[in-house]
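Analysis of the macromolecular model
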Amino acid sequence: MSSIRSFLPVSGMELPRFAGIPTFARLPWIPVEEARDVQIGIVGIPMDVGTTNRPGARHGPRQLRDASTQIRLINQATGVRPFHLARCADLGDSPVNPADVRDCLERIEGFLRKVVERGIVPMSLGGDHLVSLPILRALARERPVGMIHFDAHTDFYDSYFGGFRYTHGTPFRRAAEEGLLDLRRVVQIGIRGSAYDGEDVAWARAQGVRIVFVEELADRGPEAVMAEARAIVGDGPVYVSFDIDGLDPAFAPGTGTPEIGGITTREAQRMIRALDGLDLVGADLVEVSPPFDPSGLTAWTAVNLIFELLCVLARAVERRAR
Ligand code: MN
Ligand code: MN
């Protein structure tokens, strides 16, 4: 077993943050086949073959790694030091096929299976939201998982373009059909905007999914909403999926399907911190689209939320190891 020290990020006090090859948060890069002692693995999934409107999320992982060199060691709000609690490494990018949706999903599932088989908790960087489907296929093979899902959209649509079933608007409908999600332990937060026909919301509610529209979040506040979400997912395994378009476009304009009236960065930080104590088995942050992010603000915002996710994932890993 390697010592925790070899898994710590390169310090900005030693090598300036703009220097060197950017792995996520300046963690060591370890190919998944060689990752024996890793507990949390950063996985890039550079694909946007599921995007129905404005593409570009295939460029997300690379831009997120670049922006992530700003990440430091300590969460000053919670005192958590994720890289000291759990051995974290950047496992590189999953293979993808930008020309074939189903083949792309199989490649991603195969890569994630290697991650899961090694007992590594995946923190995945999208990619469009369809990446959550192959991740769940690898992660929830043995038993369905609960999910806390931050997004402007439910992604519970059945199909697009006359029956095509694999887009970034359908991953959780497919995951539900495939028995990967325990729908009575799924909570969606931040849903809003105009809709096609409402079938996604009606279907999900009929299955027992708890949908918190952003107006309810604004009325009740993040603490009350998260207390309810924690009670719903309970003690069982929970996956966290964070679509950056859950945030207001004022904070995260660089995404394919922005919706006004969204979650603020402070609310997002508080809600992610409220995941502490849950049995978290993995997380993703998706839909950062660098071509629509000329200032880099969206990636800058996203990497800080990924740091918050790493903090609660590391706490869960540490608790399970005890
Ligand atoms: Mn989404
Ligand atoms: Mn969305």
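Our structure's up above, just so we're on the same page.
Residues numbered from 1 in each chain as written. Chains lettered and ligands numbered in written order. Predicted model: local features only at pLDDT ≥ 70, side-chain atom pairs only at ≥ 80, totals over all residues. Heavy atoms only, no water.

Description of the sheet that holds strand β3 (residues 121–126)
Read across the open sheet, the 8 strands follow the order β2-β1-β3-β8-β7-β4-β5-β6; overall the sheet is parallel. The sheet is open, and its two edges are formed by β2 (88–93) and β6 (210–213), each paired on a single side. The sheet shows a mean angle of 15° between the axes of neighbouring strands, direction not considered. Summarising the sheet, strand β7 (residues 237–243) and strand β8 (residues 279–286) pair through 7 bridges and their orientation is parallel. Within β8, the residue paired with Phe242 across the bridge is Leu285. Helix α3 (residues 101–117) rests against β1 (40–45), β2 and β3 of the sheet, and its axis sits at about 170° to β1. Strand contacts of helix α6 (residues 199–206): β5 (181–191) and β6, with the helix running at about 135° to β6, the strand carrying the most contacts. (Pairing = 2+ DSSP bridges. Helix = DSSP H or I, 4+ residues; strand = E, 2+ residues; numbered from the N terminus. Axes fitted to C-alpha atoms, helices over the stretch in contact; angles between N-to-C directions. Contact = heavy atoms within 4.5 Å.)

Description of the pairing of β1
Extensive coverage of β1 is indicated by the burial of 6 of its 6 residues. With burial as the criterion, each face of β1 is covered, one bearing Ile40, Ile42 and Gly44 and the other bearing Gly41, Val43 and Ile45. Judged from the 4 bridges that link them, β1 and β2 form a sheet pairing that is parallel. Opposite Ile40, over in β2, you have Cys88 as the bridge partner. Bridge count between β1 and β3: 6 bridges; the pairing is parallel. By the bridge assignment for β3, Ile40 is matched with Val121. (Buried < 20%, exposed > 50% of the residue type's maximum accessible area, 1.4 Å probe, protein only.)

Description of the nonpolar core
One finds Ile40, Met123, Ile148, Ile189 and Leu275 to be the most contacted residues of the largest nonpolar core, which totals 57 residues. Per-element tally for this core: the top contributor is helix α10 (residues 297–321), with 14 residues. Setting aside residues no more than four positions away along its own chain, Ile40 makes contact with Ala86, Arg87, Cys88, Ala89, Ile120, Val121, Met123, Leu310, Leu313, Ala314 and Val317. The next biggest cluster of nonpolar side chains, apart from the first, holds 46 residues, and it includes Ile30, Val186, Val201 and Ile211. (Core = buried A, V, L, I, M, F, W, Y, C linked by side-chain atoms within 4.5 Å.)

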